[in-house]
Amino acid sequence: MNLHHVEAVMGTTVSIDILDSSDQSLVDELVAWFHHVDDEFSPYKEASPISRIGRGELAPTDAAVSDDIRAVLQRCGELAEETNGVFDVWSLPSPNGTRFNPCGYVKGWSVERAAALLRSHDVVDFCINAGGDVALGGRSHSGDRWRVGIRHPDDPMAVALVLHGTGPLAVATSGTYERGAHIVDPRDGAPVTEPASATVVGPDLADADAYATTVYVMGVDGLNWLAQHTGYSGCVITRDGRLITTEAFNAYRAA
């Protein structure tokens, strides 16, 4: 009794595994949700509300702006303050030519919402993986803890470390090995190439995704910042191959 589906959407590949249900309508609902998010939030689509907001054609307070967009913009504003401008979606280059790009929050947020949708249908055991941003529920096929491999920064065929845990659990990684130096420090507009990658584990993928980007921009010092956030822990892999972690992160490392 399980379902597996892979969907190309939001500029990435979303993998859906549902272990304790055979109701195909659940998969259909998740796929429809991710395509809805793509239509609403994609900066690659000229007519999306996000592109229109970035160009100044639509104000965030406009009645035509959805509650989802309002909620995302509110949290992004809070994150800009929380990170002292390290995570600021209003100061990032966007594919649509503007300086407004909330993608660093939206992907994790959309997967977390999808996970909540599954839980609302009494689904316990599941895994949703959107390009390395992972939301886990319950346990894996074997009834054991889920295992999540973190890709080696220098070798796409190798794993740098393996994490394990039971859901609800979120794992998010930021780095340059998929899309090159695409992460920008909004404080000075410069591309960030150090460290090699940053991974954050926590209860909510929306924040874990944003925190992983923040730690990546801050570098190793970002781990001290992360350690102040209850329930979240992480690691940094440096360019010379060192693995530096917060103390709590080691509980998730598999042998």
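Conventions we followed
Residues numbered from 1 in each chain as written. Predicted model: local features only at pLDDT ≥ 70, side-chain atom pairs only at ≥ 80, totals over all residues. Heavy atoms only, no water. Helix = DSSP H or I, 4+ residues; strand = E, 2+ residues; numbered from the N terminus. Contact = heavy atoms within 4.5 Å. Phe/Tyr/Trp six-rings, centres within 6.5 Å; stacked < 30°, edge-to-face > 60°. Buried < 20%, exposed > 50% of the residue type's maximum accessible area, 1.4 Å probe, protein only. Pairing = 2+ DSSP bridges. Salt bridge = Lys/Arg side-chain N within 4 Å of Asp/Glu carboxyl O.

**Student:** Summarise the side chain of Ser140; cite the residues concerned and give the values.
**Tutor:** Along the polypeptide, Ser140 turns up in the loop between strand S4 (133-137) and strand S5 (146-152). With residues near it in sequence (within four places) discarded, Ser140 still touches Leu19, Arg145 and Trp146.

**Student:** Explain the packing of aromatic side chains to me, using residue names and the numbers behind them.
**Tutor:** Counted according to the given criterion, the structure contains five aromatic pairs. Judged by centre distance (5.3 Å) and plane angle (85 degrees), the rings of Tyr211 and Trp225 are edge-to-face. With Tyr211 in helix H5 (residues 205-218) and Trp225 in helix H6 (residues 222-226), this residue pair connects regions lying 14 residues apart in the sequence. Residue classification places Tyr211 among the buried residues on the basis of a relative accessible area of 4%. On the numbers, 5.0 Å between centres and 80 degrees between planes, the contact of Tyr211 with Tyr232 is edge-to-face. You can see Tyr211 sitting in helix H5 and its partner Tyr232 sitting in the loop between H6 and strand S11 (233-237), a full 21 residues away along the chain.

**Student:** Account for the pairing of strand S2 (residues 12-18), with residues named and values stated.
**Tutor:** Working note: regular strand, side chains alternate between the two faces of the sheet. Of all seven residues in S2, five are buried, a share of seventy percent or more. For strand S1 (residues 3-9) and S2, the ladder comprises seven bridges, and the chain directions are antiparallel. Following the sheet pairing, His4 is matched in S2 by Asp17. Taking the residues that link successive antiparallel strands as the turn, the S1-S2 hairpin has two residues, and the phi of Met10 there is positive, at about 60 degrees. Two strands pair when backbone bridges link them, and S2 and strand S3 (residues 126-130) are joined in this way by five bridges, in the antiparallel orientation. Across the sheet, the residue bridging to Asp17 is Cys127, located in S3.

**Student:** Which residues make up the pattern of salt bridges, and what are the values?
**Tutor:** Applying the stated criterion to the full structure yields 12 salt bridges. Between Arg75 and Glu82 there is a salt bridge; the shortest N-O distance is 3.3 Å. The exposure class assigned to Glu82 is partly exposed, which follows from its relative accessible area of 26%. A salt bridge links Asp207 to Arg75; its shortest N-O distance comes to 3.1 Å. Placement of the pair is Asp207 in helix H5 and Arg75 in helix H3 (residues 67-82), with a sequence separation of 132 residues. Given the relative accessible area of 13%, Asp207 is considered buried. Accessibility expressed as a relative area gives 16% for Arg75, which makes it buried. It is possible to trace a salt-bridge network through shared partners that takes in Glu46, Arg52, Arg55 and Glu57.

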